[in-house]
Amino acid sequence: MTAKGFTPHDAVLAVDFSSEVTMNQFAMTAALDKTVSSADSRSARQAYQESWKASESLIEGIGDESTSHGRDWLEEKITIMLNGLEKRVIG
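One structure accompanies this document, and this report is about it. (Residues numbered from 1 in each chain as written. Predicted model: local features only at pLDDT ≥ 70, side-chain atom pairs only at ≥ 80, totals over all residues. Heavy atoms only, no water.)

**Comments concerning helix α1 (residues 8-31)**
- For α1, with 24 residues, the first-to-last C-alpha span of 35 Å sits near the 34 Å given by 1.5 Å per residue.
- Buried within α1 are the following residues: D10, A11, A14, S18, V21 and Q25. (Helix = DSSP H or I, 4+ residues; strand = E, 2+ residues; numbered from the N terminus. Expected span 1.5 Å × (residues − 1). Buried < 20%, exposed > 50% of the residue type's maximum accessible area, 1.4 Å probe, protein only.)

**Here's the deal with the environment of G91**
- Among the secondary structure elements, G91 is positioned in the segment after α4 (72-90).
- The class of G91 is exposed, set by a relative accessible area of 91%.
- Between the C-alpha atoms of G91 and L58, which are 33 residues apart in sequence, the distance is 33 Å.

**As for α4**
- If you check α4, its first and last C-alpha atoms are 26 Å apart, about what 19 residues at 1.5 Å a residue would give, namely 27 Å.
- Looking at the residues trailing α4, positive phi occurs at G91, about 80 degrees.

**Focus: the packing of α1 against α4**
- Contact pair α1 / α4: the axes reach a minimum separation of 10 Å and the direction vectors enclose 165 degrees. As summarised for this structure, α1 and α4 are arranged roughly antiparallel, according to the angle between their axes. For the pair α1 and α4, the crossing hand works out as right-handed. Along the contact surface, α1 presents D10, A14, F17, S18, V21, T22 and Q25, while α4 presents W73, L74, K77, I78, M81, L82, L85 and R88.
- Within the contact of α1 with α4, the residues separate by chemical class into nine nonpolar, three polar and three charged. (Axes fitted to C-alpha atoms, helices over the stretch in contact; angles between N-to-C directions. Parallel < 35°, antiparallel > 145°, perpendicular 65-115°, else oblique. Left-handed = near helix turned anticlockwise from the far one by under 90°. Contact = heavy atoms within 4.5 Å. Nonpolar A, V, L, I, M, F, W, Y, C, P; charged D, E, K, R; others polar.)

**Here we look at the pairing of strand β2 (residues 40-43)**
- Two elements, strand β1 (residues 35-37) and β2, share two bridges in a ladder whose sense is antiparallel. Bridged to T35 within β2 is S43.
- Counted between consecutive antiparallel strands, the loop separating β1 from β2 contains two residues. (Pairing = 2+ DSSP bridges.)

Rendered as structure tokens:
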């Protein structure tokens, strides 16, 4: 990354951010399939999806349940961070 113009600090920050977001996303996605509680048999994924219906902005911003499956949502998060770093490099 430094060969592409990133400072050593920004390069390490980008790798650290990407690693941290990836690990968190993995753990959170795995937790979505667990039962909410002994009193609530829904999965956390179902509970989240039901709560989204209360907000038109969330429905519009999140779209459908595809955001809780696969890598698209994670890749969008990392892209936002990299775009910001690119602006720092280009100035």
